[in-house]
Amino acid sequence: MGNPIVYLGSKTGRDGIHGATMASAAFEADAEEKRPTVQVGDPFAEKLLLEASLELMASGAVIAIQDMGAAGLTSSAVEMGAKGNLGVELDLDRVPCREDGMTAYEMLLSESQERMLMVLHPEKEAAAEAIFRKWGLDFAIVGHTTDNLRFVVKHGGEVKADLRSSNWATPRRSTIGPGRRPRSCRCSQPKPSRRRCPTARRSCN
């Protein structure tokens, strides 16, 4: 077992699922169907989370901290693991939820607001929990770090995901340059041509 991974703040709901992808989509006739993708914010809870997080960081209990932004619990856990060169194992049965029957998919992608994920020093768990309980916020140990560099998710006693975390967290770099074609380009245009590539939808060399 490694260091504890702690869920802090408001409970997870079904709002905000696919919120990041929705931000780039068009709202037309199906706008009403996209309402669940919109996060339901709570400014007062956000203020409480801010104050509790600052107090907790001042106590020296925090090793790492990440907000649950786009892609929610997934992005925060994977990014922290990759940056720390560690694996992450989560047990979704321990995630505080405000709706019944949420699936692993929903919990992992929910972008409900006012939530943080932290890695704590094990010997300071009790002190950290006391701080958050004082502010009336949820505090739940939902997993731990590992040394296998994998992102493992369990729910209902089953493994729902087991992936190499660095593959998700490391952005792919473009290889486009002089004399090169886009990665997705499969056309047979000669290099001197500046014609529009029919497969990559861009000019290719």
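Parameters and conventions
Residues numbered from 1 in each chain as written. Predicted model: local features only at pLDDT ≥ 70, side-chain atom pairs only at ≥ 80, totals over all residues. Heavy atoms only, no water. Buried < 20%, exposed > 50% of the residue type's maximum accessible area, 1.4 Å probe, protein only. Helix = DSSP H or I, 4+ residues; strand = E, 2+ residues; numbered from the N terminus. Pairing = 2+ DSSP bridges. Phe/Tyr/Trp six-rings, centres within 6.5 Å; stacked < 30°, edge-to-face > 60°.

Looking now at the pairing of strand 3 (residues 87-91). Most of strand 3 is tucked away, with four of its five residues classed as buried. Judged from the four bridges that link them, strand 3 and strand 5 (residues 138-146) form a sheet pairing that is antiparallel. In the strand pairing of strand 5, Val88 is matched with Thr145. By the bridge criterion, four bridges tie strand 3 to strand 6 (residues 150-155) in an arrangement that is parallel. Counterpart to Val88 in the pairing with strand 6 is Phe151.

Attention now goes to the packing of aromatic side chains. All chains considered together, the criterion is met by one aromatic pair. Between Phe132 and Phe139, the aromatic rings sit 6.5 Å apart at their centres with planes inclined by 50°, giving tilted as the arrangement. Considered together, Phe132 and Phe139 belong to a single accessibility category, that of buried residues.

That is the geometry; function is a separate question.
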